[in-house]
Amino acid sequence: MKYEHLIEINDPALITLSPLSRSDLWQGLMLRVEQPALFLPHLDEVQIVARDENGLVRELAFGTLRIRDRVALQVLNSVSIEVIAPSEHAGSILHISIEEPEPERLFLRFSYSTTLVDAPGTPDAELSSYVKSAYRESDIESVKIIREQLAKHHAN
């Protein structure tokens, strides 16, 4: 299954939201990478297994389930998270890119690629619509958390 959507970060029509800079948005995405427990409520533990200038490898524990992923970074542009598939979990890739079609008009594009087959008539077709909805809601919540965390940081 392939799925992508955009979330507008600096919507001029929403004057109640403080605009974020590209640097702020990048800082928020790095928070999602470095402190995923803020974004994943059922995450029990995270361990950084390896790190270099291009990214890192993490091990995430959800109860007894352990998932290893590889995070690739393109500074101020994008984050890609590839789940290294164990036997009990399907592999997937999430690519989050910062888009700026006009100065200070920022968007986040979330692009997912999973092993689900969402073609009509396939067993995964109904499930994939739920998964897409869950991804979108999770991403909206992530942007909200990024805003909250940046507001706390700026207040200190």
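Turning our attention to the sheet that holds strand S6 (residues 92–102). Read from one edge to the other, the open sheet built from seven strands follows the order S1-S7-S6-S5-S4-S3-S2, with strand pairing classed as antiparallel. Each having just a single partner strand, strand S1 (2–8) and strand S2 (45–52) make up the two edges of the open sheet. Neighbour to neighbour, the strand axes of the sheet diverge by 20° on average, direction disregarded. Running over the sheet, helix H1 (residues 22–34) touches S2, strand S3 (55–62), strand S4 (65–74), strand S5 (78–84), S6 and strand S7 (105–114) and is turned about 170° from S6. Its contacts with the sheet place helix H2 (residues 125–155) against S1 and S7, and it is angled at close to 30° to S1.

A complete count under the given rule lists 11 salt bridges for this structure. Note that Arg66 and Glu45 form a salt bridge whose closest N and O atoms lie 3.7 Å from each other. Of this pair, Arg66 sits in strand S4 while Glu45 sits in strand S2, and the two are 21 residues apart along the sequence. Residue class for Arg66 comes out partly exposed when judged on its relative accessible area of 38%. A salt bridge links Arg70 to Glu82; its shortest N-O distance comes to 3.3 Å. Here the residue Arg70 occupies a position in strand S4, and Glu82 occupies one in strand S5, the gap between them amounting to 12 residues. With a relative accessible area of 41%, Arg70 lands in the partly exposed category. Taking relative accessible area as the criterion, Glu82 reaches 34% and is therefore assigned partly exposed. It is possible to trace a salt-bridge network through shared partners that takes in Glu45, Glu59, Arg66 and Arg68.

Thresholds applied
Residues numbered from 1 in each chain as written. Predicted model: local features only at pLDDT ≥ 70, side-chain atom pairs only at ≥ 80, totals over all residues. Heavy atoms only, no water. Pairing = 2+ DSSP bridges. Helix = DSSP H or I, 4+ residues; strand = E, 2+ residues; numbered from the N terminus. Axes fitted to C-alpha atoms, helices over the stretch in contact; angles between N-to-C directions. Contact = heavy atoms within 4.5 Å. Salt bridge = Lys/Arg side-chain N within 4 Å of Asp/Glu carboxyl O. Buried < 20%, exposed > 50% of the residue type's maximum accessible area, 1.4 Å probe, protein only.

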